[in-house]
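Coordinates in review
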Amino acid sequence: MALRAEWLGDRRARLIMFAALLGVGTASIMSRGTRWLGSWKLAIDEVGGSVFLVGPVAAALTCAVYVRLQQAQVDELLSQAARPWRGWTAPALGVWALASCAVGLLAVVTTVAARIAGATVYPQLSWVMLPALLVLGAEVALGALVGTRSQRYWVVPWVGVGTFLLFLLTRFHVIPVVFDTGPTSGELIGETFDPPWFVYQSVAAIGVATAAISASHTHLLQRSSVAWKAFLCLSATAALITLAFIRPPVDRYRPAPTEADVCYPEHPTVCMTEDGHRPLLDIVGKMVSLARPLIEAGVRLPERFVPIESTSAADPHTGILSFQDDDQLARSVDEEMAAESLATPRLCAAYSSDDPRVLPEVYFSVYNTLVLWLLVQAGDKSPPTDGSTATWWALAPEQQYAWVRTTYAALSDCRLNDLVRPQAPEARLR
Amino acid sequence: MTVLISGVRCTYHRDAIPAVSIDQLELTAGPVGLVGVNGAGKSTLLRTLAGCRQPQEGSVSIDGASLYGRRRRVVAQRVGYMPQEIQFPGELSVTQVVDYAAWLRALKPRHAAQRRADVIVAVGLEDRADQRVRALSGGMRRRLALAVALLSEPAVLLLDEPTTGLDPEQRAGVRAIIGEIAGRCLTIMSSHVMEDVASITSNVIVLHGGRVLHQGETDAFVRERGGPTQSAEVAFLTTIAGA
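What you see is a predicted model; the values in this text were computed from it and never measured. (Residues numbered from 1 in each chain as written. Chains lettered and ligands numbered in written order. Predicted model: local features only at pLDDT ≥ 70, side-chain atom pairs only at ≥ 80, totals over all residues. Heavy atoms only, no water.)

Observations concerning the overall build of chain A
Assigned secondary structure in chain A consists of 16 helices and six strands. On C-alpha atoms alone, chain A measures out to a radius of gyration of 29 Å, which is more than a quarter above the 22 Å that the 2.2 N^0.38 rule sets for 430 residues. With the C-alpha coordinates aligned to their principal axes, the bounding extent of chain A is approximately 105 × 45 × 35 Å. Pairs at least 24 residues apart make up 75% of the contacts formed inside chain A by residues separated by at least 6 positions. Total accessible area on chain A is roughly 19200 Å²; 60% of this is exposed by carbon and sulfur atoms. Taken as two groups, the 33 positive and 38 negative side-chain charges of chain A have centres that lie 11 Å from each other. (Helix = DSSP H or I, 4+ residues; strand = E, 2+ residues; numbered from the N terminus. Rg over C-alpha atoms; globule rule 2.2 N^0.38 Å. Contact = heavy atoms within 4.5 Å. Areas by Shrake-Rupley, 256 points an atom, 1.4 Å probe, with all protein chains shown as cover. Lys, Arg positive; Asp, Glu negative; His and termini not counted. Charge placed at Lys NZ, Arg CZ, Asp CG, Glu CD.)

A word on the state of the cysteines
Residue and element names in this part refer to chain A. Scanning all chains against the criterion turns up two disulfides over all chains. Residue Cys263 pairs covalently with Cys271 via a disulfide, S to S 2.1 Å. Judged by the sign of its S-S torsion, about 110°, the bond between Cys263 and Cys271 is right-handed. Looking at Cys263, the relative accessible area reads 37%, which means it is partly exposed. Judged by its relative accessible area of 0%, Cys271 is buried. The residue that forms a disulfide with Cys348 is Cys414, at a sulfur-sulfur distance of 2.1 Å. Taking the sign of the torsion about the S-S bond as the criterion, the disulfide between Cys348 and Cys414, at about -95°, is left-handed. (Disulfide = S-S within 2.5 Å. Buried < 20%, exposed > 50% of the residue type's maximum accessible area, 1.4 Å probe, protein only.)

Quick word on the nonpolar core
Nonpolar side chains in soluble globular proteins generally cluster together in the buried interior. Core analysis: the biggest nonpolar cluster contains 119 residues, and Phe88, Leu144 and Leu146 of chain B have the highest contact counts within it. The element that contributes the greatest number of residues to this core is helix 5 (residues 84–116) of chain A, accounting for 12 residues. When near neighbours in sequence (up to four residues on either side) are disregarded, Leu144 of chain B contacts Phe88, Val94, Val97, Val98, Leu125, Val133 and Leu136 of chain B. Counting residues in each nonpolar core, the second largest holds 47 residues, with Val299, Tyr363, Trp393 and Tyr401 of chain A among its members. (Core = buried A, V, L, I, M, F, W, Y, C linked by side-chain atoms within 4.5 Å.)

With respect to the packing of aromatic side chains
Scanning the model with the defined rule gives 19 aromatic pairs over all chains in all. When the centroid spacing of 5.7 Å and the interplanar angle of 45° are considered together, the rings of Trp85 of chain A and Trp228 of chain A count as tilted. Pair noted here: Trp85 of chain A is in helix 5 and Trp228 of chain A is in helix 10 (residues 226–245), with a separation of 143 residues, a long-range link. Ring centres 6.1 Å apart and planes at 25° place the aromatic pair Tyr100 of chain B and Trp103 of chain B in the stacked group. In this pair, Tyr100 of chain B and Trp103 of chain B both sit in helix 3 (residues 94–104), three residues apart, roughly one turn of the helix. (Phe/Tyr/Trp six-rings, centres within 6.5 Å; stacked < 30°, edge-to-face > 60°.)

Side note on the UniProt feature "transmembrane region" (unreviewed entry) in chain A
Annotation from UniProt places "transmembrane region" (unreviewed entry) at residues 12–30, 50–69, 90–113, 125–146, 153–177, 197–214 and 226–246 of chain A. A distance of 30 Å separates the end C-alpha atoms of residues 153–177 of chain A, which is 68% helix and 0% strand. (UniProt positions renumbered as here; feature names shortened; annotations may be inferred.)

Comments concerning the sheet that holds strand 10 (residues 211–217) of chain B
Residue and element names in this part refer to chain B. In space, the six strands of this open sheet follow the order 6-7-8-3-9-10, with mixed pairing throughout. Both outer strands of the open sheet, strand 6 (79–82) and strand 10, are each paired with one neighbouring strand and no more. The mean angle between the axes of side-by-side strands here comes to 15°, regardless of whether they run parallel or antiparallel. Bridge count for strand 3 (residues 32–35) against strand 8 (residues 186–190) is three bridges, and the pairing is parallel. (Pairing = 2+ DSSP bridges. Axes fitted to C-alpha atoms, helices over the stretch in contact; angles between N-to-C directions.)

Focus: the interface of chain A and chain B
Across the boundary between the two partners, chain A contributes 26 residues, which contact 31 residues of chain B. When the area that chain A buries against chain B is broken down by residue, the three leading residues are Glu76, Leu77 and Gln80 of chain A, summing to 28%. Ionic pairing is found between Glu76 of chain A and Arg47 of chain B, a salt bridge with its closest N-O pair at 2.8 Å. Joining chain A to chain B, the criterion identifies 11 residue pairs in polar contact (both at pLDDT 80 or more). (Buried area = accessible area lost by both parts, 1.4 Å probe. Salt bridge = Lys/Arg side-chain N within 4 Å of Asp/Glu carboxyl O. Polar contact = N/O pair within 3.5 Å; in protein donor to acceptor, adjacent residues only side chain to side chain.)

Quick notes on the layout of surface pockets
Residues and elements named next belong to chain A. Of the pockets and cavities examined, the largest pocket occupies roughly 570 Å³. Around the largest pocket, the lining is made up of 24 residues, and of these Thr89, Leu93, Ile213, Trp228 and Phe231 lie nearest the centre. No other element matches helix 5, which puts seven residues into the lining of the largest pocket. By residue class, the composition of the lining of the largest pocket is 15 nonpolar, five polar and four charged. (1 Å grid on protein atoms, 1.4 Å probe; cavity = no way out; pocket = protein on both sides within 12 Å on 5 of 7 lines; lining within 4 Å. Points joined across faces, edges and corners; volume = space filled by probe spheres on them. Nonpolar A, V, L, I, M, F, W, Y, C, P; charged D, E, K, R; others polar.)

Comments concerning helix 6 (residues 129–150) of chain A
The terminal C-alpha atoms of helix 6 of chain A lie 32 Å apart, and with 22 residues this matches the ideal 32 Å at 1.5 Å per residue to within 8%. Remark: Gln151 of chain A follows helix 6 of chain A within two positions and exhibits a positive phi of approximately 55°. (Expected span 1.5 Å × (residues − 1).)

Points about helix 13 (residues 361–377) of chain A
Residue and element names in this part refer to chain A. Taking 1.5 Å as the rise per residue, helix 13 with 17 residues should run 24 Å; its terminal C-alpha atoms sit 25 Å apart, in good agreement. Among the residues of helix 13, those classed as buried are Val362, Tyr363, Val366, Tyr367, Thr369, Leu370, Val371, Trp373, Leu374, Leu375 and Val376. Buried residues in helix 13 make contact with helix 11 (280–296), helix 12 (335–342), helix 14 (390–393) and helix 15 (397–412). Positioned one or two residues after helix 13, Gly379 has a phi angle of 80°, which is positive.

Some points on the packing of helix 3 (residues 51–71) of chain A against helix 7 (residues 155–171) of chain A
All names here are of chain A. Contact pair helix 3 / helix 7: the axes reach a minimum separation of 8 Å and the direction vectors enclose 150°. Accordingly, the angle class assigned to the pair helix 3 and helix 7 is roughly antiparallel. Classified by chirality, the crossing of helix 7 by helix 3 is right-handed. Facing Phe52, Leu53, Pro56, Ala59, Ala60, Cys63 and Ala64 of helix 3, the residues of helix 7 in contact are Val155, Val156, Val159, Gly160, Thr163, Phe164 and Phe167. (Parallel < 35°, antiparallel > 145°, perpendicular 65-115°, else oblique. Left-handed = near helix turned anticlockwise from the far one by under 90°.)

Some thoughts on the packing of helix 5 of chain A against helix 6 of chain A
All names here are of chain A. Across the interface, helix 5 lies against helix 6 with an axial gap of 9 Å and an inter-helix angle of 145°. The way helix 5 lies across helix 6 gives a crossing that is right-handed. Contact residues: helix 5 offers Trp88, Ala92, Val95, Trp96, Ala99, Ser100, Val103 and Ala107, while helix 6 offers Met129, Leu133, Leu136, Gly137, Val140 and Thr148. Of the residues belonging to the contact of helix 5 with helix 6, the class tally is 11 nonpolar, three polar and no charged.

Comments concerning the pattern of salt bridges
A side chain of one charge can pair with a side chain of the opposite charge when the charged atoms of the two come close. With the rule as written, the count across this model stands at 24 salt bridges over all chains. Here Glu91 of chain B makes a salt bridge to Arg68 of chain A, at a shortest N to O gap of 2.7 Å. One end of the pair, Glu91 of chain B, is in the loop between strand 6 and helix 3; the other, Arg68 of chain A, is in helix 3, on a second chain. Classification of Glu91 of chain B by relative accessible area gives buried; the value is 8%.

What to know about the domain arrangement of chain A
Residue and element names in this part refer to chain A. Each assigned domain of chain A is listed here: domain 1 (6–255) and domain 2 (263–429). Taking only C-alpha atoms, the centre of domain 1 and the centre of domain 2 are 48 Å apart. On the domain 2 side, the residues contacting the 16 residues of domain 1 number 11 residues. Summing the contributions of domain 1 and of domain 2, the shared interface buries around 1100 Å²; its carbon and sulfur component is 51%. Between the two partners, domain 1 and domain 2, sit two salt bridges. For Lys41, the salt bridge identified is with Asp275, shortest N-O distance 2.8 Å. Across the domain 1-domain 2 interface, the total number found is six residue pairs in polar contact (both at pLDDT 80 or more). Tallied by class, the residues present in the side of domain 1 that touches domain 2 amount to six nonpolar, six polar and four charged. (Domains from an automatic or database assignment.)

Put into structure tokens, the structure is as follows:
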């Protein structure tokens, strides 16, 4: 079907529209920085999510186009057309195509950028853009409906505001998930998109789109083809059934099937999940450097370190990488994160127990001392000069090795009740 | 070519007085002038004849084929319609407007290209083919609307107030073009300007309150009712006054 752009203005106006749509999409994606560079899935999710801003702008533009169309009194021209409905919907399709191109371009740019940044590509998940574009279509159709019915230019900005409000109402679960295109506030590492949720959204969005565009001009609708009328009935019925009788899945995302690990065979070996391993090299460099004093102290390091969501995290010979916030998506991590990871040589059950008494209080001070010791050895921090452990900190490293060895062995075996704070030899004598 | 209107009732609101109420009207020879005061039902009747507005009651047929029947799409292709007011996008050129109309009319590309050239020449806009609509005068815009109406090589051409709002020179230009085209198809033209009706049409229909008050040859209409000055306007006013 040919796309007609007669009512969208001249080439310059169309370019401005495209730039505006691209601009708000970019603003939406960049509003939370460039964290999406660390994950292809997150990158495409951010693009889909940009519809929360692109949609309202597209709806407002469509509204303006249909106000123009109505004020031009072309009803007769359309009514006489061989396919009046095609003529009527062409401007809406034009705006939708323009907005879809903007979103598509953003998808290409962001996913390629994520790929260049080192993220693993999941082309099989590209389908997630389709529901986002259908939601965009529903918003465009609502713009056409309001523009036609109102025939007033002053409603144009309100259409944008109203469509954005629909997104907010969806986000806060006041209305069904039709207008929620994301994006997630998480990292999507170890997660994937949940198809039933998107099918639910797509069916509802198609229903809203067809119902809105059909209601925009019921007179011309009567002249539409039997195929369109059948499609309208089918989609409206499917949407009604979906919204009324089917409970939407709880979340857009679900745990991903087992992800492969990407390992860097240094000592210690560090592995990260395939879908988010951007900072791997940086982590390896910092952990190898920080682990040297541990190795000199005679500590036996775990066979490898992995993120907590990795399937091998429960392995008794596996240490845990202590990621905070968006560490996993960043290009680099700080030394403290690397030190904290080295100080977690095993995932002990007590760490995730609901009963706080399972984790002895001494664990926290021992853990913090070990992290600090690693950072002090690397020259990143200074040892404390006062407090109960000041005398121990004043000892030569060789004299501190015994506590480090004992502590590390206890942490590796999850013997958390055997942990003791470091003490200088004379303090023990006293 | 015969346009037959049978038992047509057109209302805008339920239970309202019909805007058009015609028991039987047969149009075979043209050009036909459709005259009446504001609200007489001229535009409604033309919209109905154009296939744009299905009457609540009755039927319209062209050479025996119903305009609102199963073959509406085919029958409507035989009708060209120039609405009273239409504003094409100002940024489009004359050629682009005609192309757009050809797309709406679902003309095949090759045929559309040929027709585009023909209708632009027919309305005398060949020198302005690349000019934007916003740069055209009122008269040229009316001619463009006429070109659009002529695209599908209509057997029936409906013109709703084609000269309204034009200055005398522009009116004369549009009138000359219509006069030339009118011989090729059954042309039905509504107008307030009795001078136009008298000079272009061979038959006249006077509508009043949606009903046909008079139908006959234009010359006889003016001769019999136009008073000592043989004025078309006087003939029209005399007819209306008798209603």
